[in-house]
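# Commentary on secondary and tertiary structure
These are the residues of each chain, in order.
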Amino acid sequence: MSTATSTSTATSTCSSFDNGRRGQFNAWFFTTFGQYISHISRRQKQTAFEGIERGDIVELGAGVGANFDYVPVGSRLIVIEPNLAMHTGLLQRGTDRGVDLALHAVSAEQIPLPDSSVDDVLCSLVLCTVEDQGAVLAEARRILRPGGRFRFVEHVAARPWSPRRWLQETVRRPWRWVFEGCDLCCDTAGAIEAAGFSTVDVTRGRWRHSLFFPANSSIYGIAVR
Ligand SMILES: C[S@@+](CC[C@H](N)C(=O)[O-])C[C@H]1O[C@@H](n2cnc3c(N)ncnc32)[C@H](O)[C@@H]1O
């Protein structure tokens, strides 16, 4: 556990959003179930996030900070989180964890960082929710230094014609509304493979014993710039 003092700055732009009670519900949901979700996805997160070295690290859509335990002490963590409802919990988690945190209230389709300026970009359960996956992946690749790693753990569309895929299609619209844009039927692996990284290591799998059956189809891995 870090003993460093957590610092934070917030930058608001028009790409931030606040969905009122829905945002508050999601902040509550990810605060309440964050540990459970990290537990059932621990195999995926260990593969994708463990071994991050101290350096300049960006997390996209960090929510209320579920992945801060994977950020080495002494790193500089830049968080891109447009959802204002997440910020109180996010900043609190950063303080508790002792992370040196810079928070940008912007969407990851336009990241306010220079080219080739960071060592690692990570995200979990975010590419299902962004408006433009291609733009986000292009931005992740742009800000990484050559050899830098894009680390991801995401839920995706289940295999066509499977019972889970049928359920995903059935609940897709209400799920999307409740979870502020989250699409159960994304081909995120295809988008990452098409994003121009020099290598992409992607594995399909399932969370362990998840209560969230429609979202229990995952990919995880590392893409290197
Ligand atoms: C399902 S939550 C996951 C939160 C966190 N990563 C976790 O694993 O607990 C999706 C997160 O993506 C954020 N998000 C939505 N659209 C985004 C965008 N365009 N750019 C960056 N983050 C976005 C949401 O605000 C939310 O915090």
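Each remark here, short or long, concerns the structure printed above.
Residues numbered from 1 in each chain as written. Predicted model: local features only at pLDDT ≥ 70, side-chain atom pairs only at ≥ 80, totals over all residues. Heavy atoms only, no water.

Okay, unusual backbone geometry next. Even without glycine at this site, Ser116 takes up a positive phi of about 50 degrees. Topologically, Ser116 is positioned in the loop between strand S4 (100-105) and strand S5 (118-124). Taking relative accessible area as the criterion, Ser116 reaches 31% and is therefore assigned partly exposed. Non-glycine residue His209 carries a positive phi angle of around 50 degrees. Tracing the backbone through its elements, the reader meets His209 in the loop between strand S7 (199-205) and strand S8 (218-224). (Helix = DSSP H or I, 4+ residues; strand = E, 2+ residues; numbered from the N terminus. Buried < 20%, exposed > 50% of the residue type's maximum accessible area, 1.4 Å probe, protein only.)

Another aspect to go through is the site of the ligand. Around the ligand, a shell composed of 18 residues is seen, among which Gly61, Glu81, Ala108, Glu109 and Ser124 lie nearest. In this structure, a nitrogen atom belonging to the ligand sits 2.9 Å away from a main-chain N or O atom of Ala108. At a separation of 2.5 Å, an oxygen atom of the ligand approaches a polar side-chain atom of Ser124. Burial of the ligand by the protein amounts to 93% of the accessible area it has alone, namely 590 Å². Judged by the proximity of its atoms to the pocket grid, the ligand belongs to the largest pocket. Broken down by class, the residue content of the shell around the ligand amounts to 10 nonpolar, 6 polar and 2 charged. (Near = heavy atom within 4 Å. Polar contact = N/O pair within 3.5 Å; in protein donor to acceptor, adjacent residues only side chain to side chain. Areas by Shrake-Rupley, 256 points an atom, 1.4 Å probe, with all protein chains shown as cover. 1 Å grid on protein atoms, 1.4 Å probe; cavity = no way out; pocket = protein on both sides within 12 Å on 5 of 7 lines; lining within 4 Å. Sits in = over half its atoms within 2 Å of the grid points. Nonpolar A, V, L, I, M, F, W, Y, C, P; charged D, E, K, R; others polar.)

The quantities given are spatial measurements derived from coordinates; they are silent on function.
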